[in-house]
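Topology and contacts: notes
Listed below, chain by chain, are the residues.
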Amino acid sequence: MVAAVVTVATERSTRMTTLPRVSAVVPTRDRPELLRAAVRSNLDQDYPGELEVVVVYDRSEPDPTLTELSRPGRLVRVIHNGRTPGLAGARNTGILAATGELIAFCDDDDEWLPGKLSAQVAALTTTPGAEFVSSGIRVSYDGHTVDRSLSRDRIELADLLRDRMTELHPSTFLIRAAVLHNGFGLVDEEIPGSYAEDYEFLLRAARSAPLVNLRTPLVLVRWHKRSYFAQRWDTISEALQWLLERYPEFGTQPAGEARVAGQIAFARAASGDRQGALRWARRTLRRNPREPRAYLALAVAGRLIRADAVLRTLHKRGRGI
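Below: a short report on this structure. Keep in mind that this is a model prediction, so the values were computed, not measured. (Residues numbered from 1 in each chain as written. Predicted model: local features only at pLDDT ≥ 70, side-chain atom pairs only at ≥ 80, totals over all residues. Heavy atoms only, no water.)

**What about the overall build of the protein?**
Scanning the protein from terminus to terminus reveals 12 helices and 10 strands. Taken over the C-alpha trace, the protein has a radius of gyration of 21 Å; the compact-globule value for 321 residues is 20 Å, and the two agree within 12%. Projected onto the principal axes, the alpha-carbon positions of the protein cover approximately 75 × 40 × 35 Å. Across the protein, every contact between residues at least 6 apart in sequence was considered, and the portion connecting residues at least 24 apart equals 74%. By element, 51% of the accessible surface of the protein is carried by carbon and sulfur atoms, the whole surface being about 14,500 Å². Between the averaged position of the 45 positive side-chain charges in the protein and that of its 39 negative side-chain charges there is a distance of 6 Å. (Helix = DSSP H or I, 4+ residues; strand = E, 2+ residues; numbered from the N terminus. Rg over C-alpha atoms; globule rule 2.2 N^0.38 Å. Contact = heavy atoms within 4.5 Å. Areas by Shrake-Rupley, 256 points an atom, 1.4 Å probe, with all protein chains shown as cover. Lys, Arg positive; Asp, Glu negative; His and termini not counted. Charge placed at Lys NZ, Arg CZ, Asp CG, Glu CD.)

**Structural notes on helix 8 (residues 233-246)**
Residues lying three or four places apart along an α-helix face the same way, a consequence of the helix completing one turn every 3.6 residues. Between its first and last C-alpha, helix 8 extends 20 Å over 14 residues, near the 20 Å set by a 1.5 Å rise per residue. All of the buried residues along helix 8 are Trp 233, Thr 235, Ile 236, Ser 237, Ala 239, Leu 240, Trp 242, Leu 243 and Leu 244. Lining the buried residues of helix 8 we find helix 7 (197-208), helix 9 (254-270), helix 10 (274-287) and helix 12 (307-316). (Expected span 1.5 Å × (residues − 1). Buried < 20%, exposed > 50% of the residue type's maximum accessible area, 1.4 Å probe, protein only.)

**Things to note about the packing of helix 10 against helix 11 (residues 292-301)**
Each packed pair of helices is defined by two parameters, the angle between the axes and the distance between the axes. Interhelical geometry of helix 10 versus helix 11 gives an angle of 160 degrees and a closest axis separation of 9 Å. With respect to helix 11, the element helix 10 is oriented roughly antiparallel. Two packed elements cross with a definite hand, and for helix 10 against helix 11 that hand is left-handed. Here helix 10 contributes Arg 274, Ala 277, Leu 278, Ala 281, Thr 284 and Leu 285 to the contact with helix 11, which in turn contributes Ala 294, Tyr 295, Leu 298 and Ala 301. Tallied by class, the residues present in the contact of helix 10 with helix 11 amount to 8 nonpolar, 1 polar and 1 charged. (Axes fitted to C-alpha atoms, helices over the stretch in contact; angles between N-to-C directions. Parallel < 35°, antiparallel > 145°, perpendicular 65-115°, else oblique. Left-handed = near helix turned anticlockwise from the far one by under 90°. Nonpolar A, V, L, I, M, F, W, Y, C, P; charged D, E, K, R; others polar.)

**Structural notes on the pattern of salt bridges**
The final tally for this structure, using the stated rule, is 31 salt bridges. With its nearest N and O atoms 3.1 Å apart, the salt bridge here joins Glu 52 to Arg 77. Here Glu 52 is found in strand 2 (residues 51-57), whereas its partner Arg 77 is found in strand 3 (residues 74-80), with 25 residues between them in sequence. For Glu 52, a relative accessible area of 1% gives the class buried. Residue Arg 77 is classed as partly exposed on the basis of its relative accessible area of 24%. Of the charged contacts, one joins Asp 308 and Arg 306 as a salt bridge, the two residues approaching to 3.0 Å between their closest N and O atoms. With a relative accessible area of 28%, Asp 308 lands in the partly exposed category. Through salt bridges with shared partners, one network takes in Arg 21, Glu 50, Glu 52 and Arg 77. (Salt bridge = Lys/Arg side-chain N within 4 Å of Asp/Glu carboxyl O.)

**Side note on the packing of aromatic side chains**
Across all of its chains, the model carries 8 aromatic pairs by this definition. Aromatic side chains Phe 105 and Phe 201 sit 5.8 Å apart centroid to centroid with 35 degrees between the ring planes, which places their arrangement in the tilted category. Here Phe 105 is found in strand 4 (residues 102-105), whereas its partner Phe 201 is found in helix 7, with 96 residues between them in sequence. Classification of Phe 201 as buried rests on a relative accessible area of 1%. (Phe/Tyr/Trp six-rings, centres within 6.5 Å; stacked < 30°, edge-to-face > 60°.)

**Details of the packing of helix 8 against helix 9**
Packing of helix 8 against helix 9 leaves a shortest axis separation of 8 Å and a crossing angle of 155 degrees. When the axis of helix 8 is compared with that of helix 9, the two are roughly antiparallel. For the element pair helix 8 and helix 9, the recorded crossing hand is left-handed. Of the residues in helix 9, those touching helix 8 at Trp 233, Asp 234, Ile 236, Ser 237, Leu 240, Gln 241 and Leu 244 are Glu 257, Val 260, Gln 263, Ile 264, Phe 266, Ala 267, Arg 268 and Ala 270. Looking at the contact of helix 8 with helix 9 residue by residue, the classes come out as 9 nonpolar, 3 polar and 3 charged.

**Topic: the environment of Gly 100**
For Gly 100, the location among the structural elements is in the loop between helix 3 (87-97) and strand 4. When the C-alpha positions of Gly 100 and Pro 48 are compared, they lie 14 Å apart, and in sequence the two are 52 residues distant. Here Gly 100 is in contact with Arg 21, Val 22, Ser 23, Glu 52 and Ala 177, once residues within four sequence places are set aside.

**With respect to the pairing of strand 1 (residues 22-28)**
Within strand 1, 7 of the 7 residues are buried, which leaves the element mostly enclosed by the surrounding structure. Of the two faces of strand 1, the one lined by Val 22, Ala 24, Val 26 and Thr 28 and the one lined by Ser 23, Val 25 and Pro 27 are each fully buried. Pairing between strand 1 and strand 2: 7 bridges, direction parallel. Looking across to strand 2, one finds that Ser 23 is bridged to Glu 52. Handedness of the crossover is the feature at issue here: the chain leaves strand 1, passes through helix 2 (residues 32-43), returns alongside strand 2, and the resulting connection is right-handed. As paired elements, strand 1 and strand 4 share 4 bridges and run parallel to each other. Looking at strand 4, one finds that Ala 24 is bridged to Ala 104. (Pairing = 2+ DSSP bridges. Right-handed = clockwise from strand over helix to strand, strands pointing away.)

**Describing the side chain of Arg 268**
Note that Arg 268 resides in helix 9. The contacts of Arg 268, once residues within four sequence positions are left out, are Trp 233, Asp 234, Ser 237, Asp 273, Gly 276, Ala 277 and Trp 280.

This is how it looks when you write it as structure tokens:
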């Protein structure tokens, strides 16, 4: 009996040392209860390899008691964001502090579902040339839950220029650490307010190699007012204009450029800038007369509907503007 127990323990130790070590980077600010749920969902994964969770406190006081959640093969570390304040700087602080061969992201108000890590590590390590893997999501908003997954296994740059594909949520990302340090790089900290930093990161990653996608929802994503930059319309508009300037490839995808221009038009309308909304709506319709965001922006600018009502309706369906 003792020999059998020793054998099982030895086999487990061997698996843990041969499988890639994973580091989960969890940026956080003033969400203590949700944060603990997020960290526990990381630690409870059935992945037999080693996992460390690097919790990065951004403009808030770190809670050292989180380290008490550590267990064999599951280490919790608590650090402070030493880079640019905001989500991008916090993620990069965690990436640079991480010791894993693979880096995963998890927002502090989301949770990994069972089997997430094992499935993604297997996909990443068995797909030739793969650098990045994502998955579907389960969106929770205002008492409603909606599963959203892409019906494809491979995502290329042109796909992302045409469509943001919000199913590709940061909390689903698993990436080879090597490409973050010596490949397509860290999260961009120059984007105004860190808004759309995840989209820019996806575009840059897809420039390097096609993204692997798992069709199963493997992450619970909570959407609420703090999730979609409520009352920060000027930041949203500025960030999306920055994105269009940074990626001239949008010019090759009229529908994709119209989508982003329509988001800017909606943001200008929501902020009360009627002239700006009209200007960007015209640009949107020149690129794609069927882009619905232009018409939503015009309706908001004309005070026919309220921006927050539009967002509530979209979020109940697991979608955003």
